[in-house]
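The primary structure of each chain is shown beneath.
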Amino acid sequence: MKKIITIVIVVAVLLAMVITNPKKEAHTKAIATDYKEAIQKKVGILSFFAPDVALEGVVNNTVTVSDYVFLSVGKYSMKDDASGIVSVGVFNHVFVFTKDNILEELVRSVDLD
C-alpha cells in the first residue's frame, strides 16, 4: 500500500511540474525585472524612466529558453561567446541567477560600449 501511495504522489508532483512549467514569456519578464533592479542600484532614480518593454526586448534577444518538460532553463549568450544559465523555471516560478556584473552584460548585449 505504501508503494502505491508513493507512486501516486510522485506522479502527481511530476504532472504538476509539467502543467506549471513556465514559458519563455515568464522568463523574459522575470529576467527583465531583475535587470531593472540591478540598474536601479547602479544608476538610481533615473532608471525609473527605462521602459520595461525595452528591457524585455533586450532579454528576448539574448536569452533562449529550453523546455525540459518538467522545468525550463533560460540561457544567455553574448557576442564574445560568453554564455551561461541565467534562470530556471519550475512550478510556475522563475528563479533568476544573476552576477555582480549584470549591468555590464546588459550594456554589451545592446552594443553600447
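Residues numbered from 1 in each chain as written. Predicted model: local features only at pLDDT ≥ 70, side-chain atom pairs only at ≥ 80, totals over all residues. Heavy atoms only, no water.

Caption draft 1: Summary view of the overall build of the protein. Tallying secondary structure elements over the protein gives four helices and four strands in all. Overall, the protein shows an N-to-C arrangement of helices and strands of α-α-α-β-β-β-β-α. In the protein, which comprises 113 residues, the proportion classed as buried is 29%. Across the protein, every contact between residues at least 6 apart in sequence was considered, and the portion connecting residues at least 24 apart equals 54%. Entry remark: accessible area of the protein is about 7500 Å², with carbon and sulfur atoms responsible for 65%. (Helix = DSSP H or I, 4+ residues; strand = E, 2+ residues; numbered from the N terminus. Buried < 20%, exposed > 50% of the residue type's maximum accessible area, 1.4 Å probe, protein only. Contact = heavy atoms within 4.5 Å. Areas by Shrake-Rupley, 256 points an atom, 1.4 Å probe, with all protein chains shown as cover.)

Caption draft 2: Structural view of unusual backbone geometry. Backbone geometry places Val 69, a non-glycine residue, at a positive phi of 65°. Although it is not a glycine, Asn 92 sits at a positive phi angle of roughly 60°.

Caption draft 3: How the structure looks around the sheet that holds strand E4 (residues 93-96). Taken together, the four strands give an open sheet; going across it, the order is E1-E2-E3-E4, and neighbouring strands pair in antiparallel fashion. For this open sheet the edge positions go to strand E1 (63-67) and E4, each flanked by a neighbour on one side alone. The average angle at which neighbouring strand axes cross in this sheet is 25°, direction not considered. As defined by bridge partners, strand E2 (residues 72-77) adjoins strand E3 (residues 83-90) across six bridges and the pair is classed as antiparallel. (Pairing = 2+ DSSP bridges. Axes fitted to C-alpha atoms, helices over the stretch in contact; angles between N-to-C directions.)

Caption draft 4: Looking closely at the side chain of Asn 21. One can find Asn 21 in the loop between helix H1 (2-19) and helix H2 (24-43). Exposure remark for Asn 21: the relative accessible area of 5% places this residue in the buried category. Separated by 2.5 Å, the side chains of Asn 21 and Asp 67 make a polar contact. Those residues in contact with Asn 21 that lie beyond four places of it in its chain are Asp 67, Val 69, Phe 70, Leu 71, Ser 72 and Gly 89. (Polar contact = N/O pair within 3.5 Å; in protein donor to acceptor, adjacent residues only side chain to side chain.)

Caption draft 5: The pairing of E1, seen in detail. Pairing geometry for E1 and E2, over five bridges, is antiparallel. Residue Ser 66 lies in a different strand from E2, and its bridge partner there is Val 73. Hairpin geometry of E1 and E2 is characterised by an intervening segment of four residues between the two adjacent antiparallel strands and by a positive phi of about 65° at Val 69.

Caption draft 6: Structural context of the environment of Lys 36. By the element assignment, Lys 36 lies in helix H2. A relative accessible area of 15% places Lys 36 in the buried class.

Caption draft 7: Summary view of a nonpolar patch on the surface. A contiguous nonpolar patch, built from Met 1, Ile 4, Ile 5, Val 8, Ile 9, Val 13 and Phe 91 and spanning about 730 Å² of accessible area, is present on the exposed surface. Looking at the element boundaries, Met 1 is found in the segment before H1. (Patch = residues over 30% accessible without salt bridge, like charges linked within 9 Å, V, L, I, M, F, W, Y side chains within 5 Å. Salt bridge = Lys/Arg side-chain N within 4 Å of Asp/Glu carboxyl O.)

Caption draft 8: Summary view of the nonpolar core. Counting residues in each nonpolar core, the largest one holds nine residues, listed as Ile 31, Ala 32, Tyr 35, Ile 39, Leu 55, Val 59, Val 63, Tyr 76 and Val 86. Of all elements in the fold, only H2 and helix H3 (52-62) reach the threshold of two or more residues within this core. Discounting residues that sit within four places of it in the chain, Ala 32 has contacts with Leu 55, Glu 56 and Val 59. (Core = buried A, V, L, I, M, F, W, Y, C linked by side-chain atoms within 4.5 Å.)

None of the figures reported here should be taken as evidence of function without further support.
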